[in-house]
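Chain residues, written in single-letter form:
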Amino acid sequence: EVYYQIRDAYNGKILTPFTKKRNVTRVSNDKLGMYFEPSLSHLPVGRTYTVDLMTVLNGVERKYMDNGIFRIA
């Protein structure tokens, strides 16, 4: 299992937290690979954000922080 969260890149505020319940932020996969389609409408315009990933393997969570940045214009 892989999940994502979205944080403000500069102040670290989490705007979309990892949410395992009902697979809200679970990363999907198909024959082309893994992907996710986050809702961005709640993110303030003009800010820069980063995506964090979390894997869950045998009940053990491991987080991978700062996987690139993007800006809402």
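K.L.:
Run through the packing of aromatic side chains, naming residues and quoting values.
P.N.:
Summed over the entire model, instances satisfying the criterion amount to two aromatic pairs. Here the aromatic rings of tyrosine 4 and phenylalanine 36 are separated by 4.3 Å at their centres, their planes lie at 20°, and the arrangement is stacked. With tyrosine 4 in strand S1 (residues 2-8) and phenylalanine 36 in the loop between strand S4 (33-35) and strand S5 (48-57), this residue pair connects regions lying 32 residues apart in the sequence.

K.L.:
Any chance you could break down the pairing of S1 for me, citing the residues and the numbers?
P.N.:
With seven of its seven residues buried, S1 lies for the most part within the structure. Of the two faces of S1, the one holding Val2, Tyr4, Ile6 and Asp8 and the one holding Tyr3, Gln5 and Arg7 are both buried throughout. Relative to S5, S1 runs antiparallel, the two sharing seven bridges. Each residue of the ladder has a partner; that of valine 2, found in S5, is threonine 55. In terms of strand pairing, S1 meets strand S2 (residues 14-16) through two bridges, oriented antiparallel. Bridge pairing in S2 places isoleucine 6 opposite threonine 16. From the end of S1 to the start of S2, which pair antiparallel, there are five residues, and glycine 12 there has a positive phi angle of about 80°.

K.L.:
I'd like a rundown of the pattern of salt bridges, residues and numbers included.
P.N.:
Using the criterion set out here, one finds four salt bridges in the structure. In this structure, arginine 7 engages aspartate 52 in a salt bridge whose closest nitrogen and oxygen atoms are separated by 2.4 Å. In this pair, arginine 7 is assigned in strand S1 and aspartate 52 in strand S5, connecting sequence segments 45 residues apart. Judged by its relative accessible area of 12%, arginine 7 is buried. Residue class for aspartate 52 comes out buried when judged on its relative accessible area of 0%. Here glutamate 61 and lysine 20 are joined by a salt bridge, their closest N and O atoms 2.5 Å apart. With glutamate 61 in strand S6 (residues 60-64) and lysine 20 in the loop between S2 and strand S3 (28-30), this residue pair connects regions lying 41 residues apart in the sequence. Accessibility expressed as a relative area gives 42% for glutamate 61, which makes it partly exposed. Residue classification places lysine 20 among the partly exposed residues on the basis of a relative accessible area of 38%. Shared partners join several salt bridges into a network, and the residues in it are Arg7, Asp52 and Asp66.

The rules behind the values
Residues numbered from 1 in each chain as written. Predicted model: local features only at pLDDT ≥ 70, side-chain atom pairs only at ≥ 80, totals over all residues. Heavy atoms only, no water. Phe/Tyr/Trp six-rings, centres within 6.5 Å; stacked < 30°, edge-to-face > 60°. Helix = DSSP H or I, 4+ residues; strand = E, 2+ residues; numbered from the N terminus. Buried < 20%, exposed > 50% of the residue type's maximum accessible area, 1.4 Å probe, protein only. Pairing = 2+ DSSP bridges. Salt bridge = Lys/Arg side-chain N within 4 Å of Asp/Glu carboxyl O.

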